[in-house]
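Now for the letters of each chain:
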Amino acid sequence: MGLFNIFSKKKTQSTLFYHTDVHCHILPGVDHGSQDVVQSMEMLKAEMDMGISRVILTSHVTAETFENTPETLTAAFGVLQKAVAEAELPIELHVSAEYRMDDYWNRQWEAGAVLPMPGNYLLLENSFLQERLDMDQFIYEVQLKGYKPILAHPERYAYYSQRRDRLRHLHDAGAKFQINILSLAGYFGRGAREMAVWFIKQGMVDMLGSDMHNIEHASIIKEYINTNDWKRLSLQLEGHIINDAVK
Ligand SMILES: [Fe+2]
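Here the structure is a predicted model, which is why all the values come from computation and not from measurement.

It is worth spelling out the overall build of the protein chain at this point. On a plain count of helices and strands, the protein chain comes out with ten helices and seven strands. Against the compact-globule benchmark of 18 Å for 247 residues, the protein chain has a radius of gyration of 18 Å, which places it among compact chains. In terms of its C-alpha atoms, the protein chain occupies a principal-axis envelope of roughly 65 × 45 × 30 Å. Taken across its 247 residues, the protein chain has 37% of its residues classed as buried. Restricting to contacts in the protein chain with at least 6 residues of sequence separation, those with at least 24 account for 78%.

Right, let's talk about the packing of helix H2 (residues 37-49) against helix H3 (residues 70-86) for a bit. Contact geometry for H2 and H3: axes closest at 10 Å, N-to-C directions at 60°. One finds that H2 runs oblique with respect to H3. The crossing of H2 and H3 is right-handed. For the pair H2 and H3, contact is made by Val37, Ser40, Met41 and Leu44 and by Val79, Leu80, Ala83 and Val84, respectively. For the contact of H2 with H3, the residue count by class is seven nonpolar, one polar and no charged.

It is worth spelling out the sheet that holds strand E5 (residues 148-152) at this point. Reading across from one edge, E1-E2-E3-E4-E5-E6-E7 is the order of the seven strands in this open sheet, with parallel pairing throughout. Only two strands of the sheet have a single partner each, and these edge strands are strand E1 (20-21) and strand E7 (207-209). Looking at chain direction, strand E2 (residues 54-61) and strand E3 (residues 92-100) are connected through eight bridges and run parallel. Bridge pairing links Ser59 to Ala97 in E3.

Note on backbone geometry: most residues besides glycine have negative phi, and most peptide bonds are trans. At Glu88, a position not held by glycine, the phi torsion is positive, near 50°. Position of Glu88 relative to the elements: it lies in the loop between H3 and E3. Within the chain, Asn120 stands out as a residue other than glycine whose phi angle is a positive 65°. Note on placement: Asn120 falls in the loop between helix H4 (103-111) and strand E4 (121-125). Its 14 C-beta neighbours within 10 Å are what place Asn120 among the partly exposed residues.

Their axes nearest at 9 Å, the elements H2 and helix H9 (residues 215-224) cross at an angle of 10°. One way to sum up the angle between H2 and H9 is to call them roughly parallel. The segment H2 lies against H9, with Gln39, Glu42, Met43, Ala46 and Asp49 engaging Ile215, Ala218 and Lys222.

A few words now on the pairing of E4. Summarising burial for E4: five of the five residues are buried, a large majority. Residues Tyr121, Leu123 and Glu125 line one face of E4 and the alternating positions Leu122 and Leu124 line the opposite face, and both faces are buried. Bridge count for E3 against E4 is three bridges, and the pairing is parallel. Counted as the bridge partner of Tyr99 is Leu124 from E4. Considered for its hand, the β-α-β crossover made up of E3, H4 and E4 is right-handed. As judged from the four bridges shared by E4 and E5, these two strands associate in the parallel manner. Bridged to Leu124 within E5 is Leu151. Following the backbone out of E4, through helix H5 (residues 135-144) and into the adjacent parallel E5, one traces a crossover that is right-handed.

Formed by 56 residues in total, the largest nonpolar core has its most connected members in Leu27 and Leu123. In this structure Leu27 touches Ser34, Leu57, Ser59, Leu73, Ala76, Phe77, Leu80 and Val95, once residues within four positions along its chain are discounted.

Next up on the list: H2. An ideal rise of 1.5 Å per residue puts 18 Å on 13 residues; H2 measures up with 18 Å between its terminal C-alpha atoms. Along H2, the residues classified as buried are Ser40, Met43, Leu44, Ala46 and Glu47. Looking straight down H2, one finds its buried side chains confined to an arc of 155°; they lie on one side. Tucked inside the fold, the buried residues of H2 contact E1, E2, H3 and H9.

Rules behind the numbers
Residues numbered from 1 in each chain as written. Predicted model: local features only at pLDDT ≥ 70, side-chain atom pairs only at ≥ 80, totals over all residues. Helix = DSSP H or I, 4+ residues; strand = E, 2+ residues; numbered from the N terminus. Rg over C-alpha atoms; globule rule 2.2 N^0.38 Å. Buried ≥ 20, exposed ≤ 12 C-beta atoms within 10 Å, placed from the backbone. Contact = placed C-beta atoms within 7 Å. Axes fitted to C-alpha atoms, helices over the stretch in contact; angles between N-to-C directions. Parallel < 35°, antiparallel > 145°, perpendicular 65-115°, else oblique. Left-handed = near helix turned anticlockwise from the far one by under 90°. Nonpolar A, V, L, I, M, F, W, Y, C, P; charged D, E, K, R; others polar. Pairing = 2+ DSSP bridges. Right-handed = clockwise from strand over helix to strand, strands pointing away. Core = buried A, V, L, I, M, F, W, Y, C linked by C-beta atoms within 7 Å. Expected span 1.5 Å × (residues − 1). Arc of directions from axis to C-beta.

Any link to function would need more than the numbers given here.
Below you can see the structure in the form of structure tokens.
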């Protein structure tokens, strides 16, 4: 290999083995992710650099901080879709949300104010302090109503690391597990990284997500997927990940 090849190899961006990002905060102005359409477009271009051609927009829905509704999310979605069409960006967008299972969500859920992903998937987030007390009953109820629950980044809830049997139980009960690539990259610390690797070893990773809130997150992911660590782990994930089946 000549010098030219060494340099050109360094500049090559590796792409992901799947094409749908099921978790990101690219929708403009509705949470602490993208603040405007310019930032959203930059983040979508980063997604495309990584080989992503479909993006499910999953903005936060949380009590007090981001009390979004299907209406607020759909309005922002209209703005972004217009910009994407004008720029002729070849990327498919869908609007959904990341629902924190708190009191606000309980009211929205009861009222049927829910914006699921294609295929009726729902991205659900635990509190970082504890699991909801009626978690088993709730996961059952979600499925009874025809939705498919996805637990967002289970590797990030520290309380599960001492209760891994609980994770197996939830998975057996029908909850899909979505792991953050940022966790694998070490962005959330050693504990989350170790748990993320443990999920892979257990064969309990159903989906991967960028969970990108800004262009810095996108850069970290782009850099990480160029590493041998990612190449080694992704070999264990290929064939198990159902990101592209969310439709
Ligand atoms: Fe998120």
